[in-house]
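Architecture at a glance
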Amino acid sequence: MKPTLDSSRDIDGKGPASSKRPVRYIKWLSLSLMSFMALMVLIIYEARWVLPEIQTYFSQSGNLTGQQLATRSRHYLQDAQARLLDIPGPEERAAAITDIELAYGLFDVDVYHQHYDCTSPSLSVLDETVTALENNNVLPVILARELLDPIACLTRIEMGQLDLRGEAINSFSDRTRWHNQVLIYTSLLIFAFGLLFWWLHDRQLRRTEKATQETLRWMERAMRDPLTGIGNRSALHQDVMQQEQQSLGLVLVDIDFFKQYNDTMGHPAGDALLRHLVLLIADALPEEATLYRLGGDEFAALLPCKDVDALGRYCQQLHLQVQQSAFSHAAHPNKKQVTLSIGATCFIPSRVGFPRAYEAADKALYQVKTAGRDDWHIIAIA
Amino acid sequence: MDAAVFKRCLRRSPLAQWALGAGIAALLMPVASVAQTLRLIDGDMVKEVDVEQLRQSSDSHFQVFDPYQGENVAMQGMPFAEFLARHFGRVPDKLRFTAWDGYEVTLGGWDDPNWYLVTIENDKPLTLRSRGPVRLVEREYGDRDVNSLREFNDWIWMIRSIEARG
């Protein structure tokens, strides 16, 4: 007795409003996901690029500029100086020359030439010292003393470079602090946007569900008869369509002289009679039967039909039950109680189609009416 | 003995002249032999490669801005990956470098055509003074700032030995 609705068709939504809804729904969801993705990208960027840059500034061991070139150069000059002060033999002199050559290579750097005016004179001193050592025409101790000026220059460079590095680190530290603040606030902002978009998405989802439920309710109402609560003609069509392969019994029921009943008893009483009869028909037919109101006093029942005999037994039972109920009908021309005319047929929708089955049941009903009403008849479809 | 007396003695004695020449040559010998070979180590195999030979096989010429010298220089060398393939039979995963100035470092990623082993600069053989005798440099810098030496701290100077690791 409950018409089944095809809810999937309603949820799909073919109307213009529902076609716009998914677009809006996707927008909020996308924006939310994009926000969280942006946050992830920011974190990855931070880990992949910014941290190594910090490491470049603060971890300077194990590479070419790990220790200042000037420092390394000074160490070589001091080694050479120590060798020269120690009354060097040929091998020591050669080692001193190598030390000075190495010191020269580490000293002769453009950035030192640019910023420290003692660089070029110091390199000249180194050059002259090497020449003197090769020629062995100057006392080593004198050459050792000559190296003092380049060493002093290198010390000056070291101090200067340390200052520069300190300034660079301070500047970098300031930039890092600012960067961190921007990062924190940006992350919070993006996170907040992500949450906002997610909330909007969730709200949209809930609204969509609510609208769908509302549509479903309206659709259900549209398929029901408001007076009796059973399905209407549309529901009957839909139910038949859903059981196309099954053998179905279609029973049409007409209340005899219902117009006269209304005229005599009044329409409220007529409505009450209709509701009573619905209960009675439902009680007389098997549980699987579904009832529909097709018009003023015309009902239909759809039920599984094993064979025509079984359908006949249900019709007979319905007819008898109405007789036994003895609803009073003062305007009935023959009797003083309500009677029904019943026409039925058995059919498989996919084979004969509903219109033909309806025509057959209606024809059976018509035959009962023309034969004097208060009876039932079945027409089998060939 | 002052210098004038020393000169007079030399003029009178050809033997003394020869002895002095031999002495100076002997003194200079250790200096001349410094930094003339590149040692290659691969497990138990140790090979000394003559730097002069390397110079002769340096047939790649290119101009590059040397950030340490602050000017464009004409470099001459060979692709480092090719050098490794020729001497090690492969490009090892990592290499341990030791420089004449005692600097040591282990680095990987040498299967890169951008790295060159340079032996000659501005038509002059690299020496310790010019951060040679062999030096590893990059031919292209990409978008790195040539004014920031920190960006070029993986250049390796004064290479004394290269040891294959892996």
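Residues numbered from 1 in each chain as written. Chains lettered and ligands numbered in written order. Predicted model: local features only at pLDDT ≥ 70, side-chain atom pairs only at ≥ 80, totals over all residues. Heavy atoms only, no water.

All names here are of chain A. Using the criterion set out here, one finds two disulfides over all chains in the structure. For Cys118, the disulfide goes to Cys153, at an S-S distance of 2.0 Å. Here the S-S torsion is close to 75°, and the disulfide linking Cys118 with Cys153 is therefore right-handed. You can see Cys118 sitting in the loop between α5 (110–115) and α6 (119–135) and its partner Cys153 sitting in helix α8 (residues 148–222), a full 35 residues away along the chain. Here Cys305 is linked by a disulfide to Cys346, with a sulfur-sulfur distance of 2.0 Å. (Disulfide = S-S within 2.5 Å. Helix = DSSP H or I, 4+ residues; strand = E, 2+ residues; numbered from the N terminus.)

Residues and elements named next belong to chain A. Counting buried positions along strand β1 (residues 248–255) gives eight out of eight residues, so the element sits mostly inside the fold. Judged by which residues are buried, β1 turns out to be covered on both faces: Leu248, Leu250, Leu252 and Asp254 on one side and Gly249, Val251, Val253 and Ile255 on the other are all buried. When β1 meets strand β3 (residues 298–304), the two strands line up antiparallel, connected through seven bridges. Bridge pairing links Leu252 to Ala300 in β3. Sheet topology note: the β1/strand β4 (residues 340–347) ladder contains eight bridges and is antiparallel. Counted as the bridge partner of Leu248 is Phe347 from β4. (Buried < 20%, exposed > 50% of the residue type's maximum accessible area, 1.4 Å probe, protein only. Pairing = 2+ DSSP bridges.)

Moving on, we get to the UniProt feature "transmembrane region" (unreviewed entry) in chain A. When the UniProt feature table is mapped onto this chain, "transmembrane region" (unreviewed entry) is found at residues 25–45 and 182–200 of chain A. End C-alpha atoms of residues 182–200 of chain A are separated by 26 Å, and the span's content is 100% helix alongside 0% strand. (UniProt positions renumbered as here; feature names shortened; annotations may be inferred.)

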